[in-house]
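Residue-level structural notes
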Amino acid sequence: MAYILDAIDKKILEILQQDATIPNIELAEKVCLSPSPCSRRVKNLHEQGFIKRAVTLLEPEKVGLPVSVFIQVTLNHQVKKELQDFESVIGQWPEVMECYLMTGDFDYLLRVVVPNLQAYQEFLDKKLTELPGIDHIKSSFSLKQVRYRTELPLDQLLEK
């Protein structure tokens, strides 16, 4: 049976998306619950899979990774084995922050972070272009991050 969220669960999720380190007592106050029921709800949201994990977001420039590159990758053949092999290797590279299997003119869209252009050239030469089965690679460098969010919109949860 599917777990049905209510307005309090939604509010808890919204608050935790903004600050996963908020103390339970403060969270409880914000959602008008006492601490014990609030803690039970958070635990239940974890158990039901609504909360994947809690992380700390770092500032890329402060940790020496100011360059974001978006890479379109086209494979020679889109057969399951080649897709799985590509995804397995890409998943091991720390520079690859995101990887999406796409529809359209290319197969994968990657977001890679590197300290500088030389590091990106090394990533291309020693990693990406060494993979078998790649037909085409197209790179685009981000000039400026206009919007970046980690909070998912949740209004649809109560629209039933």
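Residues numbered from 1 in each chain as written. Predicted model: local features only at pLDDT ≥ 70, side-chain atom pairs only at ≥ 80, totals over all residues. Heavy atoms only, no water.

Further remarks concern the UniProt feature "domain: HTH asnC-type" (unreviewed entry) in the protein chain. UniProt records the feature "domain: HTH asnC-type" (unreviewed entry) for residues 5–66 in the present numbering. The span residues 5–66 shows a helical share of 52% and a strand share of 0%, and its end C-alpha atoms are spaced 39 Å apart. (UniProt positions renumbered as here; feature names shortened; annotations may be inferred. Helix = DSSP H or I, 4+ residues; strand = E, 2+ residues; numbered from the N terminus.)

Another point: the nonpolar core. Formed by 20 residues in total, the largest nonpolar core has its most connected members in Ile71, Val73, Phe86, Ile90, Leu110, Phe123 and Leu128. The set of elements that each furnish at least two residues to this core consists of β1 (67–75), α4 (80–90), β3 (108–114) and α5 (117–126). Aside from chain neighbours lying at most four places away, what touches Leu110 is Val69, Phe70, Ile71, Val73, Phe86, Ile90, Val96, Glu98 and Cys99. Ranked by size, the runner-up nonpolar core spans 14 residues in total, among them Ile15, Ile22, Ala28 and Val31. (Core = buried A, V, L, I, M, F, W, Y, C linked by side-chain atoms within 4.5 Å. Buried < 20%, exposed > 50% of the residue type's maximum accessible area, 1.4 Å probe, protein only. Contact = heavy atoms within 4.5 Å.)

This paragraph deals with the pattern of salt bridges. Throughout the structure, instances matching the rule amount to nine salt bridges. Residue Asp6 is joined to Arg41 by a salt bridge in which the shortest nitrogen-to-oxygen separation is 2.9 Å. Of this pair, Asp6 sits in the segment before α1 (7–18) while Arg41 is found in helix α3 (residues 35–47), placing the two residues 35 residues apart along the sequence. Salt-bridge contacts for Asp9 lead to Arg41; the nearest nitrogen and oxygen are separated by 2.9 Å. (Salt bridge = Lys/Arg side-chain N within 4 Å of Asp/Glu carboxyl O.)

For the rest of this paragraph, the subject is the environment of Ile71. By the secondary structure assignment, Ile71 is in strand β1. Sequence spacing of Ile71 and Met97 is 26 residues, and the spatial spacing of their C-alpha atoms is 11 Å. The contacts of Ile71, once residues within four sequence positions are left out, are Tyr108, Leu109, Leu110, Val112, Tyr120, Phe123, Leu128, Ile137, Lys138 and Ser139.

In this section: the domain arrangement of the protein chain. When the domains of the protein chain are assigned, the result is domain 1 (7–48) and domain 2 (60–141). Of note, the centres of domain 1 and domain 2, computed from C-alpha atoms alone, are 37 Å apart. (Domains from an automatic or database assignment.)

All right, on to α5 then. Regarding α5, the residues found buried are Tyr120, Phe123 and Leu124. Axial view of α5: buried residues confined to an arc of 95°, hence all on one face. Residues Gln118 and Lys126 are exposed on α5 and point more than 90 degrees away from its buried face. For α5, the side-chain oxygen to backbone nitrogen distance between the N-cap and Gln118 is 3.2 Å, and the N-cap itself is Asn116. (Arc of directions from axis to C-beta. Polar contact = N/O pair within 3.5 Å; in protein donor to acceptor, adjacent residues only side chain to side chain.)

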